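# Notes for the structure review
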Amino acid sequence: MNAIASPGVAGSTALAAEGLVKHFNGITATDNVSLTLPRGARHALIGPNGAGKTTLINLLTGVLKPSAGRILLAGEDVTTASAQQRVQRGLARTFQINQLYAELTPLETLVMAIMQRRGNLMRWWQPVTRQREACDEAVALLERLGLGSVMAERTSTLAYGKRRLLEVALALACQPQVLLLDEPAAGVPHGERDEILETISELPRDVTLVLIEHDMEMVFRFAERISVLVSGALAMEGTPEEVAASPLVREVYLGGAHATATAAHARKGA
Amino acid sequence: MSAVSETGLASRAAAHASLVAARRLRPAEIAFWLMPIAGYFLFPDRLALLSEIAILGLFALSLDILLGFAGIVSLGHAAFFGLGAYTAGILGKYGWTEPLSGLAIAALVAGAVGFITSFLVLRGNDLTRLMVTLGVSLMLAEAANRLGWLTGGADGLTGVMIGPVFGVFEFDIFGVTAYWYAVGVLFVLFCLARYLASSVFGLTLRGIKGNSLRMAAIGAPVNLNLVTAYTIGAAYAGVAGGLLAQTTQFASLDVLEFQRSAEVLLVLLIGGSGYLYGGLIGAVLFKLMHDLLSDLTPQYWQFWLGILLVVLVLSSREGVRGLYLRVAARFARSRHPGRKGGAA
């Protein structure tokens, strides 16, 4: 089970990386990256293609082992913990490219995920139909994400936007303390992005969110702090205004004056 | 009560009903299990063939647990079939003649070897799995050849004595007891497999087969589930082999041969994998084709069998089930021209 933090430690650090380094055959994909995310943070990670965002996510979630550095989850060192152990300690992620179960329905998908989280060996051998609590929890989660009407349809038949939402729902079924969202709106038409952003904004405040995103409008509407990754290293970290105003960031990433206007526009809108 | 909680309750009930509906016993299943009874009365002089079908069906079911549910490919599944056959046969030869406990021991031995070798099979991708499973079965076949004092070597294991089933039903020369014994064991193990497929474990296996990357990312113990599935599949194959040795009172090196591994894979592909009945349907079709073709052209039956298989695979990648679904979909379309095709 996940440890539920008491309100007394609400200000503590949810996820921290200290001097993370990753070499691939002589190439440094992650170069001395340090991050500190307080509980409940709304943090964005941006950077041009090839900046090492995916590598950093894989290091944080335990898919890759860092060449150097430490990762702390709620103050505990998880550098050597497996991906599975990190999920059990409350670190979940979504994928840029949908990683779903084409043959299962959204309901079955979530019931399965909830049963993994509970890890009850006695229930392992019981029929799925007897898992009433997991089923109820799955229904509640599906309805919260607007998937109630399609919960008994095969995932492969769902519209793309719905599958994107299921991607988020599946990560939420792990009841994460920290959720890494890897371009949650990737491939979704512009008009339907708001639904996804709204869903994410409505997540409870005790869940720490990290958004990896290309869409600058989304980043500036969502994030309270932004880290900019360039060539594997942390180029800067700051508030959206600071990032948008930074000449360095404008040069390497945002492409000039446009960004400042976008940031100002987004703040007004939010 | 507020309207919100009422709709909440309604959708919970609907959700639960959808889970139940997907796992309900279908009329076609009951019809399927009437076939062995009909077979007994229609072909009383072909009981040996019908018993072979039941045993091959159980063997194919055991492969389906690996391939259809856990997504583990194997080219050496005969290893466990052979282990079960020799275990049951050797027990019978040396005085342990009670058949059901003999089968249970055969399952335990095959399952134990399956458990140990599963850790080799987990490593690597499909191609390495093919090689590792093949390698394990070849090693066992050679071991059985070398241990002639125990297995009878190339001459086969003779002198197997099997006592009456439940202490009552003696194995007879007409193969009546053997038939009902094989069908009964198949039925019980099939029900158990069906139960497992509908359990949380079965759902998890489907998840692993569907997307093992994501399974790891939602914290599922992927390897533990695969080891369990492989062990169960091996134990099932052991029972199938044990049944063959007990009902024929004989075991020879061919129970471990590569041909048997390839044949069972073929049987499962004919029937279609992943829905439990594929192995059984495949076994019926394969044995009947074999029987029919070898009657018509004793010398060239494998040629015609080959042609039929190529045609089947070319017309449907999911075996006869895929063929059936496609025909059903076309039929539904022609009856309801306005609607878009359903089952596919």
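If you're wondering where the values come from, they're calculated on a predicted model, not measured in any experiment.

Basis of the calculations
- Residues numbered from 1 in each chain as written.
- Chains lettered and ligands numbered in written order.
- Predicted model: local features only at pLDDT ≥ 70, side-chain atom pairs only at ≥ 80, totals over all residues.
- Helix = DSSP H or I, 4+ residues; strand = E, 2+ residues; numbered from the N terminus.
- Buried ≥ 20, exposed ≤ 12 C-beta atoms within 10 Å, placed from the backbone.
- Rg over C-alpha atoms; globule rule 2.2 N^0.38 Å.
- pLDDT = per-residue confidence, 0-100.
- Contact = placed C-beta atoms within 7 Å.
- Nonpolar A, V, L, I, M, F, W, Y, C, P; charged D, E, K, R; others polar.
- Core = buried A, V, L, I, M, F, W, Y, C linked by C-beta atoms within 7 Å.
- Pairing = 2+ DSSP bridges.
- Domains from an automatic or database assignment.
- Axes fitted to C-alpha atoms, helices over the stretch in contact; angles between N-to-C directions.
- Parallel < 35°, antiparallel > 145°, perpendicular 65-115°, else oblique.
- Left-handed = near helix turned anticlockwise from the far one by under 90°.
- Expected span 1.5 Å × (residues − 1).
- Arc of directions from axis to C-beta.
- Bend = angle between axes of the 7 residues up to and from the residue.

## Quick word on the overall build of chain A
- Broken down by element type, chain A carries 11 helices and 10 strands.
- For chain A, the residues scored as buried account for 44% of the 270 residues in total.

## Let's talk about the overall build of chain B
- For chain B, the helix and strand inventory stands at 15 helices and zero strands.
- At 22 Å, chain B has a C-alpha radius of gyration in line with the 20 Å of a compact globule built from 344 residues.
- By principal-axis analysis of the C-alpha atoms, chain B measures approximately 75 × 50 × 45 Å.
- Taken over 344 residues, chain B has a buried fraction of 43%.

## Quick word on the confidence of the model for chain A
- Per-residue confidence for chain A averages 86 on the pLDDT scale, and 89% of its residues sit at or above 70.
- Across residues 256-261 of chain A, where pLDDT falls below 50, the model places seven contacts with residues more than four positions away in sequence or in other chains.

## Re the interface of chain B and chain A
- Contacts between chain B and chain A engage 26 residues on the former and 36 residues on the latter.
- Of all the secondary-structure elements, those providing two or more residues to the side of chain B that touches chain A are helix H1 (3-22), helix H9 (200-210) and helix H10 (212-217) of chain B.
- Its residues assigned to classes, the side of chain B that touches chain A comprises 12 nonpolar, 10 polar and four charged.

## A short note on the nonpolar core
- The biggest cluster of nonpolar side chains holds 168 residues, and the ones touching the most others in it are Leu110(A) and Ala169(A).
- The leading source of residues in this core is helix H3 (residues 47-70) of chain B, at 16 residues.
- Apart from residues no more than four positions distant in its own chain, Leu110(A) is found in contact with Ala138(A), Leu141(A), Leu142(A), Ala169(A), Leu170(A) and Ala173(A).

## As for the sheet that holds strand E1 (residues 13-24) of chain A
Residues and elements named next belong to chain A.
- Read across the open sheet, the four strands follow the order E2-E1-E4-E5; overall the sheet is antiparallel. Looking along the sheet, the strands with just one partner apiece sit at the ends: strand E2 (27-38) and strand E5 (76-77).
- With eight bridges connecting them, E1 and E2 associate as antiparallel partners. Note on E2: the bridge partner recorded for Leu20 is Val33.

## Things to note about the domain arrangement of chain B
Residues and elements named next belong to chain B.
- As far as domains go, chain B holds domain 1 (36-276) and domain 2 (297-344).
- The centre of domain 1, based on its C-alpha atoms, is set 28 Å off from the matching centre of domain 2.
- At the interface, six residues of domain 1 touch seven residues of domain 2.
- Tallied by class, residues from the side of domain 1 that touches domain 2 come to four nonpolar, two polar and no charged.

## Let's talk about the packing of helix H13 (residues 277-296) of chain B against helix H14 (residues 301-315) of chain B
Residues and elements named next belong to chain B.
- With their axes 8 Å apart at the nearest point, H13 and H14 run at an angle of 135° to one another. Judged by the inter-axis angle, H13 sits oblique to H14. Relative to H14, the crossing made by H13 is right-handed. Judged by residue contacts, Met289, His290, Leu293 and Ser294 of H13 engage Trp301, Trp304, Leu305 and Leu308 from H14.
- In the contact of H13 with H14, the residues fall into six nonpolar, two polar and no charged.

## Focus: the sheet that holds strand E6 (residues 91-93) of chain A
Residues and elements named next belong to chain A.
- Sheet architecture is open: six strands sit in the order E6-E7-E8-E3-E9-E10, paired in mixed fashion. Since the sheet does not close on itself, it has two edges, and those belong to E6 and strand E10 (233-238), each with one partner. Averaged over neighbouring strand pairs, the angle between their axes works out to 20° when direction is ignored.
- For strand E3 (residues 42-46) and strand E9 (residues 225-230), the ladder comprises four bridges, and the chain directions are parallel. Within the sheet, the bridge partner assigned to His43 lies in E9 and is Arg225.
- Sitting on the sheet, helix H1 (residues 53-61) touches E3, E6, strand E7 (178-182), strand E8 (208-212) and E9, and the angle it makes with E7 is about 155°.

## Notes on the packing of helix H12 (residues 258-271) of chain B against H13(B)
Residue and element names in this part refer to chain B.
- Packing of H12 against H13 brings their axes to within 7 Å, and their N-to-C directions diverge by 105°. Viewed along their axes, H12 and H13 adopt a mutual orientation that is roughly perpendicular. Packed against H12, whose contacting residues are Leu266, Val267, Leu268, Ile270 and Gly271, the element H13 presents Tyr277, Gly278, Gly279, Leu280, Ile281, Gly282, Ala283, Leu285 and Phe286 at the interface.
- Considered class by class, the residues forming the contact of H12 with H13 number 10 nonpolar, four polar and no charged.

## Focus on the environment of Ser261(B)
Residue and element names in this part refer to chain B.
- Inspection of the secondary structure puts Ser261 in helix H12.
- Sequence-wise, Ser261 and Phe166 are 95 residues apart; in three dimensions their C-alpha atoms are separated by 32 Å.
- Setting aside residues no more than four positions away along its own chain, Ser261 makes contact with Leu75, Gly76, His77, Ala78 and Ser137.

## Considering helix H6 (residues 126-146) of chain B
All names here are of chain B.
- An ideal rise of 1.5 Å per residue puts 30 Å on 21 residues; H6 measures up with 30 Å between its terminal C-alpha atoms.
- The set of residues buried in H6 consists of Arg129, Thr133, Val136, Ser137, Leu140, Ala141 and Ala144. Viewed along the axis of H6, the buried residues span an arc of 135°, placing them on a single side of the element. Opposite its buried face, H6 presents the exposed residues Leu127, Thr128, Glu142 and Arg146, each directed more than 90 degrees away.
- Close packing links the buried residues of H6 with helix H4 (78-93), helix H5 (99-122), helix H7 (148-151) and H12.

## What to know about H5(B)
Residues and elements named next belong to chain B.
- Here H5 spans 33 Å end to end across 24 residues, near enough to the 34 Å set by a 1.5 Å rise per residue.
- By the largest-angle criterion, Ile116 marks the main kink of H5, which is about 35°.
- Phi for Gly124, located one or two positions after H5, is positive at around 80°.

## Structural notes on the pairing of E1(A)
Residues and elements named next belong to chain A.
- Connecting E1 to the next strand, E2, in antiparallel fashion are two residues, including Asn25 with a positive phi near 45°.
- The pairing of E1 with strand E4 (residues 68-73) spans five bridges and is antiparallel. Paired with Ala17 across the bridge in E4 is Ile71.

## Observations concerning the environment of Gly210(B)
All names here are of chain B.
- For Gly210, the position within the fold is in helix H9.
- Judged by the 19 C-beta atoms lying within 10 Å of it, Gly210 is partly exposed.
- Between the C-alpha atoms of Gly210 and Gly71, which are 139 residues apart in sequence, the distance is 8.4 Å.

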